[in-house]
Amino acid sequence: MRAIVAVDEKWGIGKNNALLFEVPEDMKFFRETTLGKVIVVGRKTLESFPGGRPLKNRVNVVLSSKLNEVEGAVVVNDIDALMREIGHFPPNDVFVCGGESGYRALLPYCDEALVTKIFADGSAGAFFPNLDEVQNWELAETSPEKESNGYKFTFCKYINKKVKN
């Protein structure tokens, strides 16, 4: 399983249940990376999607203790049920896509994190763990700096050297 996320310079990921920035090149990267794959999201992240509906052309798995059913998605109520559900898919085809509590709960199970680092402060209210400071995580790759929609950013790949089973 892998995580995919865009963070600001303070590792912020969202504010008022919305993304911090509109960076078309990052959105394209997310779309191309997750199309035809499995995405794992929490209830609030699902609600932040267009129309509050699951994303098309992906298997949407919603981890929520408050929901029982979502049209177009599989709902699981705990991590054990999630692991059973995603166990039917190749691990590299499963992406944790938010939100904050989902990332915190599932990051130990991820072997990689694809992080778009945006060099701006989005005054976030929700945060991703700072992988530069988390034991067992190591920066493996960084793209050259890019710019899109007035924001400078890099694509980074982090590796978890001690994945929880």
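Read on for a plain summary of the structure. Only a predicted model underlies this, so the values are computations on that prediction, with no experimental measurement involved.

Calculation notes
Residues numbered from 1 in each chain as written. Predicted model: local features only at pLDDT ≥ 70, side-chain atom pairs only at ≥ 80, totals over all residues. Heavy atoms only, no water. Phe/Tyr/Trp six-rings, centres within 6.5 Å; stacked < 30°, edge-to-face > 60°. Helix = DSSP H or I, 4+ residues; strand = E, 2+ residues; numbered from the N terminus. Buried < 20%, exposed > 50% of the residue type's maximum accessible area, 1.4 Å probe, protein only.

Some words on the packing of aromatic side chains
The final tally for this structure, using the stated rule, is six aromatic pairs. Here the aromatic rings of Trp11 and Tyr158 are separated by 6.0 Å at their centres, their planes lie at 65°, and the arrangement is edge-to-face. One end of the pair, Trp11, is in the loop between β1 (2–7) and β2 (12–15); the other, Tyr158, is in strand β12 (residues 151–160), with 147 residues separating them in the sequence. Neither residue differs from the other here; Trp11 and Tyr158 are each classed as buried.

Details of unusual backbone geometry
The omega torsion of the bond from Gly98 to Gly99 falls at 0°, within 30 degrees of zero and hence cis. The phi dihedral of Asn16 is positive, around 55°, even though this residue is not glycine. Within the element layout of this structure, Asn16 appears in the loop between β2 and β3 (18–19). The phi torsion at Asn136 lies on the positive side, around 80°, for a residue other than glycine. If you trace the backbone, Asn136 turns up in the loop between β9 (126–127) and β10 (137–142).

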